[in-house]
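# Coordinates in review
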Amino acid sequence: MQLIPCPWCGPREEAEFHYGGQAHVAYPEDPSALTDEEWAQYVFFRENPSGPFAERWSHSAGCRRWFNAVRDTRSHDLLAVYRAGEPMPEVLS
Amino acid sequence: MTSPAQPPGAHLPEHPDFLWENPEPKASYDVVIVGGGGHGLATAYYLAKVHGITNVAVLEKGWLAGGNMARNTTIIRSNYLWDESSGIYEHSLKLWEGLEEDLGYPILFDQRGVLNLAHSLQDVRDSVRRVNANRLNGIDAEWVDPAGVKEICPIVNVSPDVRYPVLGATYQPRAGIAKHDYVAWGYARAAHAMGVDLIQNCEVTGLETAGGRITAVQTSRGRIAAGKVALCAAGHSSVLAKMAGIRLPLASHPLQALVSELLEPVHPTVVMSNAVHVYVSQAHKGELVMGAGIDSYNGYGQRGSFHIIEQQMSAALELFPVFARAHLLRTWAGIVDVSPDASPIVGLTPVGGLYLNCGWGTGGFKATPGVGDCFAHTIAHDKPHPFNEPFTLERFTTGALVDEHGAAAVAH
């Protein structure tokens, strides 16, 4: 089973975690000002790269905190984990 | 011992005739189809057969039908909820019913029926609603109670004292399975015979456009000019579309499946369960074929996590206690392109001459003939076929979604 290094708890089994999709997608500052196209982009469209991907995880069966990770979607290698609010480390190629 | 007079294997019979050749790519084609899986091959076949367009290449980065076409659980059904879905899935099922004759090739299409189990009151309500919707669309569907489930598939445990008891099921008698490899080979053989070039080990690395129109594809085997380009790349659709500057609302996930060792015939139909996350049929050869839900994370690695298999096995054992002594032979994963409303995206794009067929997620195999026919029509006429007209990319902006999370069953 894959180990995911929670930035608070250290490495734990993947089954303790919940996936949250792409990281760093900010809620629009003024949603009512968006066009339909912009709103669709916010609601439905996400990056889906084959390679490094910044994404959110929740340690739902542990400390229950959300954090971010950069993971290679081809190998499933976790290239970096960092706490919510911290900037993305320079691992994206 | 004396050395053999002939090289090893010389006494064996000749290799049977190849079903298709492996031509070098030409410098240009009228239509280039990216992805040599079921959908790509079927699209090429109907382009040639129905529309007389034969200057066509199917580009496959690996070997023909070695992606999701080789990895799916071969379930064919058309019992989706909405009218839009009924249109394309039932069109596909009708084509399946005549496909063996059409291709002149055996595909072991076997209409053994599918049971979609209900395990909660909400499941029951949704299922009965779906049966009614199917019937209004002329699709065979019935609601069966637990005793009826037992009658159709005697090995299902319908005892009330399990964690998720079977409260009934929808049943589509015309549903079934087919031999996925034979389907691909049948389409490939027939398309090749009409002049389509099937080009393997040819990965698309770029899409060229000029004046808002597609002009060529760059590949690992050189540049190929194209009048039109049709994407049939399933899990890799996002990567390809991005080469033309198009963002897709897709997430690529691993979807795992597995087979048991070969067993005597014990399972006469197909059983699917949304609630406990497993679907099972028994292949003609005798192995039990089971699928799981998707792994939660995005992934392109064609493998998933073991705990998903564990959950799937525990669900299968509760439904089918008779499986307890079966041995797991092999597990694998394919990369499925999941869309926000569990419906596909089939149609035009903002780039002229570039067409999109993706977002089938976990359920693309059943659509192979239907979408091949409709996508070929879309490419030939530069206009969607009525059956794929609702499945535009624009629906995510207009809000005209086709929400099939219930009928798409297990995996979304």
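Parameters and conventions
Residues numbered from 1 in each chain as written. Chains lettered and ligands numbered in written order. Predicted model: local features only at pLDDT ≥ 70, side-chain atom pairs only at ≥ 80, totals over all residues. Heavy atoms only, no water. Pairing = 2+ DSSP bridges. Helix = DSSP H or I, 4+ residues; strand = E, 2+ residues; numbered from the N terminus. Axes fitted to C-alpha atoms, helices over the stretch in contact; angles between N-to-C directions. Contact = heavy atoms within 4.5 Å. Buried area = accessible area lost by both parts, 1.4 Å probe. Salt bridge = Lys/Arg side-chain N within 4 Å of Asp/Glu carboxyl O. Polar contact = N/O pair within 3.5 Å; in protein donor to acceptor, adjacent residues only side chain to side chain. Buried < 20%, exposed > 50% of the residue type's maximum accessible area, 1.4 Å probe, protein only. Domains from an automatic or database assignment. Phe/Tyr/Trp six-rings, centres within 6.5 Å; stacked < 30°, edge-to-face > 60°.

All names here are of chain B. Pairing in this open sheet of 8 strands is mixed, and the strands run β5-β6-β4-β13-β14-β15-β12-β16 from one edge to the other. Bordering the open sheet on either side are β5 (142–144) and β16 (328–338), each of which pairs with just one other strand. Shown here is a sheet whose adjacent strand axes are inclined to one another by a mean of 20 degrees, direction ignored. Note that strand β4 (residues 114–118) and strand β13 (residues 270–273) share 4 bridges and pair parallel. Residue pairing across strands places V114 opposite V270, the latter belonging to β13. Its contacts with the sheet put helix α3 (residues 121–136) on β4, β5 and β6 (168–172), and the angle it makes with β5 is roughly 150 degrees. Against the sheet, helix α7 (residues 306–319) touches β4, β12 (251–262), β13, β14 (278–282), β15 (287–294) and β16, its axis set at about 125 degrees to β15.

What follows covers the interface of chain A and chain B. Taken together, the contact between chain A and chain B spans 22 residues of the former and 23 residues of the latter. Around 2,100 Å² of area is buried between chain A and chain B when both sides are counted, 51% of it from carbon and sulfur atoms. Considering only the surface of chain A that becomes buried against chain B, F44, F45 and N48 of chain A emerge as the three largest contributors, covering 32% of it. The tally of links between chain A and chain B comes to 2 salt bridges. Residues E47 of chain A and R247 of chain B are paired through a salt bridge, measuring 3.0 Å at the closest nitrogen-oxygen approach. Across the contact surface, chain A and chain B share 14 residue pairs in polar contact (both at pLDDT 80 or more).

Residues and elements named next belong to chain B. Residue placement: R395 occurs in helix α9 (residues 395–398). The exposure class assigned to R395 is buried, which follows from its relative accessible area of 1%. Beyond its immediate sequence surroundings of up to four residues, R395 is in contact with S339, D341, S343, P344, I345, P390, A400, L401 and V402.

A word on the pattern of salt bridges. As a working rule, side chains carrying opposite charge can pair if their charged atoms are close by. Throughout the structure, instances matching the rule amount to 13 salt bridges over all chains. Residues R71 of chain A and E55 of chain A are paired through a salt bridge, measuring 2.4 Å at the closest nitrogen-oxygen approach. Of this pair, R71 of chain A sits in strand β5 (residues 66–72) while E55 of chain A sits in strand β4 (residues 52–58), placing them 16 residues apart in sequence. Across this residue pair, the class does not change: R71 of chain A and E55 of chain A are buried. Linking K49 of chain B and D102 of chain B is a salt bridge whose minimum nitrogen-to-oxygen distance equals 2.9 Å. Separated by 53 residues along the polypeptide, K49 of chain B in helix α1 (residues 38–51) and D102 of chain B in helix α2 (residues 83–103) bring together distant segments of the chain. By relative accessible area, K49 of chain B is classed as partly exposed at 43%. Each of the salt bridges in this network shares a partner with another, and the network as a whole consists of E90, E97, D140 and R174 of chain B.

Another point: the domain arrangement of chain B. All names here are of chain B. Split into domains, chain B comes out as domain 1 (28–73 + 181–249 + 341–408) and domain 2 (111–173 + 251–338). Using C-alpha coordinates to define each centre, domain 1 is positioned 29 Å away from domain 2. Counting residues at the interface gives 18 residues for domain 1, matched by 20 residues for domain 2. Buried area between domain 1 and domain 2, summed over both chains or domains, comes out near 1,400 Å², and the portion from carbon and sulfur atoms is 50%. The three residues of domain 1 that bury the most area against domain 2 are R71, T73 and G235, which together make up 39% of that side's buried surface.

Here we take up the packing of aromatic side chains. All names here are of chain B. Summed over all chains, the structure comprises 18 aromatic pairs over all chains. Measuring from ring centre to ring centre gives 5.3 Å for Y45 and Y187, while their planes differ by 70 degrees; the resulting arrangement is edge-to-face. One end of the pair, Y45, is in helix α1; the other, Y187, is in helix α5 (residues 180–193), with 142 residues separating them in the sequence. There is no split in this pair, since Y45 and Y187 are both buried. With a centroid separation of 6.4 Å and an interplanar angle of 85 degrees, the aromatic rings of Y105 and Y182 are classed as edge-to-face. In this pair, Y105 sits in the loop between α2 and β4 while Y182 sits in helix α5, placing the two residues 77 residues apart along the sequence.

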